[in-house]
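Architecture and fold: a report
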There are 2 protein chains.
Amino acid sequence: MTSDAPVRVALLGCGTVGSEVVRLLEDQAGDLTARVGAPVELAGVAVRRPHRHPELNPDLVTTDASALVTRDDVDVVVEVVGGIEPARTLLLQAIKSGKSVVTANKALLAEDGATLAEAADAAGVDLYYEASVAGAIPLLRPLRESLAGDRITRVAGIVNGTTNFILSAMSASGAGYAEALEEATRLGYAEADPTADVDGYDAASKAAILATIAFHTRVTAADVHCEGIRRVTAADIAAARGLGCAIKLLAICERVPGSGGAPESVSARVYPAMIPLSHPLAGVDGAFNAVFVEADAAGQLMFYGQGAGGAPTASAVLGDLVAVARNRVAGGRGPRESAYASLPVLPIGDVHTRYHVSLEVADRAGVLSAVAGEFARRGVSIAAVRQTGGREDGDVPEAEAAEEELAARLVVVTHGAPDSALHATVEALAGLDVVRGVESVLRVEGLGRPVSTLGVAG
Amino acid sequence: MTSDAPVRVALLGCGTVGSEVVRLLEDQAGDLTARVGAPVELAGVAVRRPHRHPELNPDLVTTDASALVTRDDVDVVVEVVGGIEPARTLLLQAIKSGKSVVTANKALLAEDGATLAEAADAAGVDLYYEASVAGAIPLLRPLRESLAGDRITRVAGIVNGTTNFILSAMSASGAGYAEALEEATRLGYAEADPTADVDGYDAASKAAILATIAFHTRVTAADVHCEGIRRVTAADIAAARGLGCAIKLLAICERVPGSGGAPESVSARVYPAMIPLSHPLAGVDGAFNAVFVEADAAGQLMFYGQGAGGAPTASAVLGDLVAVARNRVAGGRGPRESAYASLPVLPIGDVHTRYHVSLEVADRAGVLSAVAGEFARRGVSIAAVRQTGGREDGDVPEAEAAEEELAARLVVVTHGAPDSALHATVEALAGLDVVRGVESVLRVEGLGRPVSTLGVAG
């Protein structure tokens, strides 16, 4: 199907991503026309400070975004401003005016995607947002369409480039968190205020979007348990390496089978975790993103690429724009989001995780017994124990033999247990006389690979 | 949009993949209904030998595929038989009867995809074939849709699990080709007649499909230069490792910029090649597939997963089936294949490649001069030379100094040059008095990474 009538696009925002969208629309005009079946034209660009955009045709520039998104000659609105407001109000105006929407706005989608999706359904328009997660990596479309006949059980990955750059730098150079953050800021990988990245909020928004699509269940950012990387130390990275692991900030979305009286549920969480170096995600360094997907029939899949940056994100925006424009020309709509499964979201306390706990302990007999007792009391099984420093720097092959040699540092790796039990155990440990301090607590994730020993016991 | 009227599916073939399709249709019935907006029902299964399928409802089984695909109550035809005929005739019948088609038939698509695509266009039905390349890995949809606003420059990957299993086994154990093939056959990774896999024909079909989609240009299997892995030896694998490389059977589809009077063109080729161990593709072992994609704006992407097998392939078929069924319910069509760019396909002789040549040479002075002369005569620049065995087993730091020490084995790695010049050079070398034999010829691919030294010179 082809048409002479162009598909006209309103662009909201013209920063790093928006300017690349404008460039691609110009550079690829001929190809886009062939692929869409009609020319794709820029109808207007809404920016706050027009004088900062001398490169744009002044006739296209406006500061009145609200007027632009409701203009009769606009077919599609592309939003790359970010943030909740005014983006939400503008996109709802656009949708109600019959415009299809392409957005990269993860924060908005994770907070209130339902409102947008319902408005799009009511108006019979498209709402596409591939660029909101993992930049240029095709991920939402494969999850929603390619795996539409399968049962996805896990989506886990590295979806924040800033934190992955920092953790990679710490791992490569032995630098501490503050030093690595400084380097990331200097090189432009971290923003002046890095909170959204380093505290995990950005990854949590993406986890909410991924879980919603993968499990056909509405998951919001508030449903995602979120811990950042500020407390990860050089010692943690070294300890992980000693166990054959890397530390990565993971976004994990899992389908949790029902058991006993509990129904099937989903878990969505973000935290730094140790993963085996043999896992493909462990080798993803620098600002790259990678997402690991498991489905019943498809098995294990991995998607890898640039998760941020102007051009990669614009590539994802343009892919959506072509799809939406093609649907306009053909008079149809793409597949909509569906939340028909409506599975409950499991609280973090009920999620089974594994802990790696490093304690500074008194250098005397009876310590391991006291520590082990706190785990046992809460039904947490210990997978491995190692003590270092103090009178003897060696392994602890057996609890009994070890007790009299207990030394300054005790590392415990647990088997899987409810996170609440693990958390309570650590709190109790902190209160023990023999424990001088809880040096670090990290979760351990196998992501489908066995991590039962981690080399920690021997 | 939802409908009570079911979407009715005719299945052609019920082997490894087809039986998994049947299973998934049953197991996921509820989810499929929710995702499609209407129930998806099996209307019939065409098989050659009904008595071999006691698991199927006898009412659904038929040996008359032609009658099944034209039946009024069938909406979608799923073909997992493979081979050119009768699949082509049946699918054309189905399309002309207004049925949408989902097929995993790479051989047919690579030989005559244009006929099917044109028929589907004329009839206004969908033709989907994600399962034809790389099994469960979402690849065609991302290339066609997610990257629709970008300019793809390269698609290169490991798309045949049998040969990757064999090469991985050779690499892991030092086994020769014959021994590794035997193991692959015993474990079910290779068929009794492994020709299609080990001679590269299967990968060549996939390369044709990938190049067609990536470059909007009709590429057939006959356009793909194809070499298999039969001549790869244990010595080649060892030599590659010595250079920091792995040997992989690669399907490479590239956009070749125009230069001088030559227009922009595309290259599609399959051969075993050395790639740096640092490249992500080098770590893809066993029966796994992985495809590396480069695009102007998106940068480098990688897709990884199971490339074959009943369940993974059925997952891809079901994903297509959901899309096609959804389009039926909504009254629309998915994006069609487009060959608007119609770029010329570059003959292999004109493609710039790099060679790694291993020669058995006479152990006397003047050999390097004679060998180097043949390269120079054809304008091929040598990147590195190494000699081993004979009177001295060491490096050759400079040609002059080396000549008098020339020994029994000479390895030459070239810079990039037209494949025809490289090929002609090797033919000429074989005719030299001082060359006792050409032990092996392998191409070297950087795939976007520098491989200028490969450690070979020092």
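This is a predicted model, so every value here is computed, not measured.

Thoughts on the UniProt feature "active site" (unreviewed entry) in chain A
Residues and elements named next belong to chain A. According to UniProt, the feature "active site" (unreviewed entry) maps to K206 in the numbering used here. Looking at the element boundaries, K206 is found in helix α10 (residues 201-215). Owing to a relative accessible area of 6%, K206 belongs among the buried residues under this scheme. Filtering out sequence-adjacent residues up to four positions away, K206 remains in contact with K106, S132, V133, A134, V159 and N160. There is a polar contact of 2.8 Å between the side chain of K206 and the backbone oxygen of V159.

Focus on the interface of chain A and chain B
Taken together, the contact pairs 43 residues of chain A with 43 residues of chain B. Summed over both sides, the interface between chain A and chain B buries roughly 3,900 Å², with carbon and sulfur atoms accounting for 52% of that surface. Put simply, chain A and chain B have two salt bridges between them. For E145 of chain B, the salt bridge is made with R141 of chain A, and the minimal N-O distance between the two is 3.5 Å.

Digging into the sheet that holds strand β3 (residues 61-62) of chain A
Residues and elements named next belong to chain A. Judged by pairing direction, the sheet is parallel, and its six strands sit side by side in the order β3-β2-β1-β4-β5-β6 without closing on themselves. Strand pairing shows two members of the sheet lacking a second neighbour, β3 and β6 (127-128), which therefore form its edges. Of the pairings in the sheet, the one linking strand β2 (residues 40-46) to β3 comprises two bridges and is parallel in character. Bridge pairing links V45 to V61 in β3. Sitting on the sheet, helix α12 (residues 310-330) is in contact with β1 (7-12), β2, β4 (76-79), β5 (100-103) and β6, with an inclination near 170 degrees to β5.

A short note on the UniProt feature "binding site: L-homoserine" (unreviewed entry) in chain A
All names here are of chain A. This chain's UniProt record puts "binding site: L-homoserine" (unreviewed entry) on E191. Structurally, E191 is set in the loop between α8 (177-186) and α9 (195-198). Among the residues examined, E191 registers a relative accessible area of 55% and is labelled exposed. Those residues in contact with E191 that sit more than four places away from it in its chain are T185 and D197.

A short note on helix α7 (residues 161-173) of chain A
All names here are of chain A. An ideal rise of 1.5 Å per residue puts 18 Å on 13 residues; α7 measures up with 18 Å between its terminal C-alpha atoms. Extensive coverage of α7 is indicated by the burial of ten of its 13 residues. Within the span of α7, buried status applies to G161, T162, T163, N164, F165, I166, L167, S168, A169 and M170. Packing partners of the buried residues in α7 comprise β7 (152-158), α8, α9, α11 (234-242), β9 (245-256) and β11 (288-295). Looking one or two places after α7, you find G174, whose phi comes out positive at around 80 degrees.

Overview of the packing of helix α1 (residues 16-27) of chain A against α12 of chain A
All names here are of chain A. Closest axis-to-axis distance for the α1/α12 pair is 8 Å, and the angle between their directions is 55 degrees. By the angle between their directions, the pair α1 and α12 is classed as oblique. The crossing of α1 and α12 is right-handed. Every residue of α12 that contacts α1 at T16, V17, E20, V21, L24 and L25 is listed here: G310, A311, T313, A314, S315, V317, L318 and L321. Here the residues of the contact of α1 with α12 sort into nine nonpolar, four polar and one charged.

Rules used in this analysis
Every residue gets a number counted from 1 within its own chain, in the order that chain's sequence is written. Here the convention is simple: chains get letters from A, ligands get numbers from 1, in the order in which they are written. Whole-chain, interface and lining totals are the exception, using all residues; otherwise, since this is a predicted model, local features are given only for residues with pLDDT of at least 70 and side-chain atom pairs are given and counted only at 80 or more. Side-chain descriptors were evaluated using all non-hydrogen atoms of the structure, hydrogens and water having been removed beforehand. UniProt positions are given in the numbering used here, feature names are shortened, and annotations may be inferred rather than shown by experiment. Per the convention used, a helix needs a DSSP run of H or I reaching at least four residues, while a strand needs a run of E reaching at least two, with both numbered from the N terminus. Partly exposed describes any residue whose relative accessible area lies between the buried limit of under 20% and the exposed limit of over 50%, with all areas from a 1.4 Å probe on protein chains only and scaled to the type maximum. In this description, contact between two residues means that some pair of their heavy atoms is separated by no more than 4.5 Å. Here a polar contact means two N or O atoms within 3.5 Å. Within protein one must be a hydrogen donor candidate and the other an acceptor candidate, and residues neighboring in sequence count only if both atoms are side-chain atoms. Simply put, the buried area is the total loss of 1.4 Å probe accessible area from both parts when two parts are fitted together. Within this document, salt bridges are pairs made up of a side-chain nitrogen of Lys or Arg and a carboxyl oxygen of Asp or Glu, the two lying within 4 Å of each other. What makes two strands pair is DSSP finding at least two bridges between them. In this description, a line fitted to the C-alpha atoms serves as the axis of each element, helices being fitted only across the stretch in contact, and the angle between N-to-C directions of two axes falls anywhere from 0 to 180 degrees. Expected span, for any helix, means 1.5 Å times one less than how many residues it has. When an angle is under 35 degrees it counts as roughly parallel; over 145 it counts as roughly antiparallel; between 65 and 115 it counts as roughly perpendicular; any other value is oblique. Whether a crossing is left-handed or right-handed is set by the direction in which the near helix is turned from the far one by less than a right angle, anticlockwise for left-handed and clockwise for right-handed. Residue classes follow a fixed rule: Ala, Val, Leu, Ile, Met, Phe, Trp, Tyr, Cys and Pro count as nonpolar, while Asp, Glu, Lys and Arg count as charged, and any other residue, Gly among them, counts as polar.

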